[in-house]
Amino acid sequence: MDCSQTRLGHYLLSPTDSTIGFNKTLVFKQDPIYGTSIFSKNKLEKGSTIVSASFDTAITPNSSKSALKPLTRDKSLAHWSDHQLIATYLALYLDSSFLTIPEASSQHWKHAPYVELLPKPADLTTPSYWTEDERLLLQGTNLAPAVLERQKKWEMELEGVREWLRPEVGELITWDAYLWASTMLSSRAFPSNLLHVDSTSMVGDPTPVLLPGIDMLNHSNEGVKVSWVSDVVKRTMAIVIDEDVPADYQVFNTYGAKSNEELILGYGFHIPSNRSDTVFLKLSLPPPTPTPPTTVRTTSTTISTILPKLTPELTNVRHAVPRSGVLPEELVAQMRLFLATDEERGEIVRRAEEDGEGWGWESLLGIGKVGWENEMDVLSALEGMLESKVEGLRRWRCPGSGTGDGAGGGVRKEVLDMVLEYRRSQVEILDKALENQQVRMEAAIEQAAAEGVDLGFDDIEEEEEEG
């Protein structure tokens, strides 16, 4: 089917700008991996515009608010999040009976041609749509709690949505409808600051926006060369290819480098041997130090006294380890701070304040090690963290596709393949990180010895040999 001849293709057309819409050589086809996909009937030359759309066709928090406001109990949406606004707007399209309500103005509900081309719930492969047996495949991985946290968050959002909407409207939004809409938003939204949509200034966090037509291209981070061209004067967004695309080839977009963990959670697919794969390590903040009696004066430097001074990136306890296995220096610096003694933290504060750069990574990274005892504690703790992580992944045993009891729904081969690749890559990265940590530990011991510091490792090795 020619993209330009679909209802969506006609919807994108502009009476004043003939360049708006799908390239005439594009067609929709079903791909066994990606589902509905865009292919080119003829060769596309470098510099060709694949699709362009007016900002006016976008689904934004503001446009969703305009459509939903007449359908709320108190006509106020100030407490709704951007995600709730757009997800609710999309979810209502699954039951069009709400349009019989006089207040549901048709001028705000114009995206049916777009919604009808979106994947149906039965076609979705994100973990929220997996069987119970398939979710069990994620045991011991970061994805297992991430899936549960996301579902709990969306369920809580839906409770608020139903409470705020008029009863006859709220009852139309089932959990299945809200889950579908939330999945569409998580897998297809663009940030408004990139597109200059729904944002008069670039200050603050960007809002999510959906651009019909623009988001129909599937993602690939394997050498795809495209440009996102935003024209704030014409108020249009276009995708332009920066390389030739042969005839009968699928045309891809790229959302940037993404790990398989991100792809599986948000999009429901993975990339074999993904060069952008990572393992996320998350630190736990040390427990707060008990507050001394008011009659006692103290000058102690605790984590609780330091944290309020830190910039947001310094308090972020989630760190990505790339395929090289090299731990981020931000993680090492954070561990130095968390494992430091009270006296060592005082020294960290003194150096950071002398640095004059503020409490950001630039300041803390420049401090380096605060002492050999702290440094060895840090390296040992990181090694233990990595070992615990990889052992948890290795303890898991593959059940095989088609297995599982009847109540659990069984395991589909495509899901099993996805999980096996994800787990294999996680173990591979962690093994590499452990190798790097061993090299770093040996180098630290040698450097300490060169500075005349005896860390006691020789005595430990002698005791082990005698034992």
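Everything that follows concerns the structure shown earlier in this document.
Here we summarise the structure given alongside this text. What you see is a predicted model; the values in this text were computed from it and never measured.

## A look at the overall build of the chain
Okay, step 1: Scanning the chain from terminus to terminus reveals 18 helices and twelve strands.
Okay, step 2: Here the contacts in the chain between residues at least 6 apart in sequence split such that 72% fall between residues at least 24 apart.
Okay, step 3: For the chain, the accessible area works out to roughly 23,300 Å², and carbon and sulfur atoms hold 51% of it.

## Regarding empty space enclosed by the protein
Okay, step 1: Per the counting criterion, the structure on display carries two cavities of 30 Å³ or more.
Okay, step 2: Approximately 30 Å³ is the volume found for the second largest cavity.
Okay, step 3: Around the second largest cavity, the lining residues are Thr-126, Ser-128, Arg-150, Trp-154, Thr-183, Ser-186 and Leu-265.
Okay, step 4: Of all the secondary-structure elements, those providing two or more residues to the lining of the second largest cavity are α6 (143–164) and α8 (175–188).
Okay, step 5: When the residues that make up the lining of the second largest cavity are grouped by side-chain class, the tally is two nonpolar, four polar and one charged.

## Quick word on helix α2 (residues 61–68)
One turn of an α-helix holds 3.6 residues; hence residues three or four places apart share an orientation.
Okay, step 1: Among all positions in α2, only Pro-61, Ser-64, Ala-67 and Leu-68 are buried. Burial along α2 is one-sided: seen end-on, the buried residues are contained in an arc of 125 degrees.
Okay, step 2: Contacts made by the buried residues of α2 are with α3 (82–92) and β6 (208–209).

## A short note on the nonpolar core
Okay, step 1: If you look at the biggest cluster of nonpolar residues, it comprises 66 residues, and the most contacted ones within it are Phe-22, Leu-71, Leu-90, Leu-92, Trp-109 and Trp-180.
Okay, step 2: Those residues in contact with Leu-90 that sit more than four places away from it in its chain are Ile-59, Val-115, Trp-180, Ala-181, Met-184 and Leu-210.
Okay, step 3: Listed in part, the 24 residues of the second largest apolar core include Leu-281, Leu-327, Leu-337 and Ala-340.

## Describing the side chain of Ser-40
Okay, step 1: Considering the arrangement of structural elements, one finds Ser-40 in strand β3 (residues 35–40).
Okay, step 2: Looking at Ser-40, the relative accessible area reads 1%, which means it is buried.
Okay, step 3: Of the polar contacts made by the side chain of Ser-40, one reaches the backbone oxygen of Asn-42; its length is 2.3 Å.
Okay, step 4: Not counting the four nearest positions on each side in its chain, Ser-40 is found in contact with Thr-25, Leu-26, Pro-246, Ala-247, Asp-248, Tyr-249 and Val-251.

## Re the sheet that holds strand β9 (residues 236–241)
Okay, step 1: The strand order β1-β4-β9-β8 describes an open sheet built from four strands, whose pairing is antiparallel. Two strands bound the open sheet, and with one partner strand each, they are β1 (21–22) and β8 (226–231).
Okay, step 2: As paired strands, β1 and strand β4 (residues 49–54) are joined by two bridges and run antiparallel to one another. Opposite Phe-22, over in β4, you have Val-51 as the bridge partner.

## Structural notes on the environment of Arg-318
Okay, step 1: One can find Arg-318 in strand β12 (residues 318–321).
Okay, step 2: Judged by relative accessible area, which is 42%, Arg-318 ranks as partly exposed.
Okay, step 3: If we skip the residues at most four places from it in the chain, Arg-318 touches Glu-261, Phe-280, Leu-281 and Lys-282.
Okay, step 4: Within the local environment of Arg-318, its side chain forms a polar contact with the side chain of Glu-261, the two groups lying 3.4 Å apart.

## Points about the environment of Thr-131
Okay, step 1: You can see Thr-131 is positioned in the loop between α4 (112–115) and α5 (132–136).
Okay, step 2: Classification of Thr-131 as partly exposed rests on a relative accessible area of 22%.
Okay, step 3: On a C-alpha basis, the gap between Thr-131 and Arg-412 in space is 8.9 Å, while along the polypeptide they are 281 residues apart.
Okay, step 4: Within the local environment of Thr-131, its side chain forms a polar contact with the backbone oxygen of Gly-410, the two atoms lying 2.6 Å apart.

## Let's talk about the packing of helix α13 (residues 329–339) against helix α16 (residues 372–394)
Okay, step 1: Running from N to C, α13 and α16 cross one another at 120 degrees; their axes reach a closest spacing of 9 Å. As judged from the angle between their axes, α13 and α16 are oblique. Helix-helix and strand crossings are classified by hand; for α13 and α16 the assignment is right-handed. Contacts between α13 and α16 involve Leu-331, Val-332, Met-335, Arg-336 and Leu-339 from the first element and Asn-374, Glu-375, Asp-377, Val-378, Ala-381 and Leu-382 from the second.
Okay, step 2: Classifying every residue of the contact of α13 with α16 gives seven nonpolar, one polar and three charged.

## Re the pattern of salt bridges
Should their charged atoms come close, side chains of opposite charge can pair.
Okay, step 1: Under the criterion given, the structure shown has 18 salt bridges.
Okay, step 2: With a shortest N-O distance of 2.9 Å, Glu-421 and Arg-424 are connected by a salt bridge. Highlighted residues: Glu-421 and Arg-424, both in helix α17 (residues 413–450), separated by three residues, approximately one helical turn.

Conventions adopted
- Residues numbered from 1 in each chain as written.
- Predicted model: local features only at pLDDT ≥ 70, side-chain atom pairs only at ≥ 80, totals over all residues.
- Heavy atoms only, no water.
- Helix = DSSP H or I, 4+ residues; strand = E, 2+ residues; numbered from the N terminus.
- Contact = heavy atoms within 4.5 Å.
- Areas by Shrake-Rupley, 256 points an atom, 1.4 Å probe, with all protein chains shown as cover.
- 1 Å grid on protein atoms, 1.4 Å probe; cavity = no way out; pocket = protein on both sides within 12 Å on 5 of 7 lines; lining within 4 Å.
- Points joined across faces, edges and corners; volume = space filled by probe spheres on them.
- Nonpolar A, V, L, I, M, F, W, Y, C, P; charged D, E, K, R; others polar.
- Buried < 20%, exposed > 50% of the residue type's maximum accessible area, 1.4 Å probe, protein only.
- Arc of directions from axis to C-beta.
- Core = buried A, V, L, I, M, F, W, Y, C linked by side-chain atoms within 4.5 Å.
- Polar contact = N/O pair within 3.5 Å; in protein donor to acceptor, adjacent residues only side chain to side chain.
- Pairing = 2+ DSSP bridges.
- Axes fitted to C-alpha atoms, helices over the stretch in contact; angles between N-to-C directions.
- Parallel < 35°, antiparallel > 145°, perpendicular 65-115°, else oblique.
- Left-handed = near helix turned anticlockwise from the far one by under 90°.
- Salt bridge = Lys/Arg side-chain N within 4 Å of Asp/Glu carboxyl O.

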